[in-house]
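Residue-level listing of the chains:
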Amino acid sequence: QVELVESGGSLVQAGGSLRLSCAASTSIFSMNYMGWYRQAPGKQRESVALHTDTSRINYADSVKGRFTISRDYSKNTLYLQMNSLKPEDTAVYYCYATVPSPRGTSAYWGQGTQVTVSS
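Owing to the predicted nature of the structure, the values given are computational and were not obtained by experimental measurement.

Glancing now at the state of the cysteines. Throughout this description, disulfide means a covalent bond between two cysteine sulfur atoms. In this structure the tally under the stated criterion is one disulfide. Between the sulfur atoms of Cys22 and its disulfide partner Cys95 the distance amounts to 2.0 Å. Between Cys22 and Cys95, the S-S dihedral sits near -80°, and the bridge is therefore left-handed. Pair noted here: Cys22 is in strand S3 (residues 18-24) and Cys95 is in strand S9 (residues 91-101), with a separation of 73 residues, a long-range link. Both residues of the pair, Cys22 and Cys95, belong to the buried class.

This is the structure in structure tokens:
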């Protein structure tokens with residue numbers, strides 16, 4: 001069983017920056033996909049950024065050039081650096097990871113961290 005714990009969410013003014021962290025309870029070397037999703041009130045959860053074990057990275061068009069996803073294997077932690085924040089970035093941000101095994105792939109989610117951007 002893998003536990004993912006997010007932190008770093010806060011209230012920030014538009015144009016500001018935040019860094020979210022997602023600490024994993026096990027080695028993230030085993031996680032072929034790690035990423036960040038977000039869900040705003042009344043909206044569906046959407047993908048924000050994805051980082052694969054081959055270091056391929058994908059971003060949602062709405063955050064390209066402003067957000068940066070990265071992994072620190074020494075700390076078993078996934079990060080999301082968010083710059084030039086906009087009110088529309090307000091959401092609960094969730095960490096996501098998948099772990100393959102001979103029996104199949106398991107997916108894990110964190111509990112979420114709230115990001116609120118004021119105008």
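Enumeration over the complete set of coordinates arrives at five aromatic pairs. Here the aromatic rings of Tyr37 and Tyr96 are separated by 5.4 Å at their centres, their planes lie at 65°, and the arrangement is edge-to-face. Residue Tyr37 is found in strand S4 (residues 33-39), and its partner Tyr96 is found in strand S9; the two are separated by 59 residues along the sequence. Tyr37 gets classed as partly exposed once you look at its relative accessible area, which sits at 21%. A ring pair is formed by Tyr96 and Trp109, whose centres lie 4.7 Å apart and whose planes are at 50°; its orientation type is tilted. With Tyr96 in strand S9 and Trp109 in strand S10 (residues 104-109), the pair connects residues that are 13 residues apart, well separated along the chain. Trp109 gets classed as partly exposed once you look at its relative accessible area, which sits at 37%. Grouping aromatic residues by their ring pairs yields a cluster made of Tyr37, Tyr94, Tyr96 and Trp109. Over the ring of Tyr94 we find Arg45, and its NZ or CZ is 3.7 Å from the ring centre. The cationic tip of Arg45 hangs over the ring face of Trp109; the distance from NZ or CZ to the ring centre is 4.7 Å.

Rules used in this analysis
Residues numbered from 1 in each chain as written. Predicted model: local features only at pLDDT ≥ 70, side-chain atom pairs only at ≥ 80, totals over all residues. Heavy atoms only, no water. Disulfide = S-S within 2.5 Å. Helix = DSSP H or I, 4+ residues; strand = E, 2+ residues; numbered from the N terminus. Buried < 20%, exposed > 50% of the residue type's maximum accessible area, 1.4 Å probe, protein only. Phe/Tyr/Trp six-rings, centres within 6.5 Å; stacked < 30°, edge-to-face > 60°. Lys NZ or Arg CZ within 6 Å of the ring centre and 35° of its normal.

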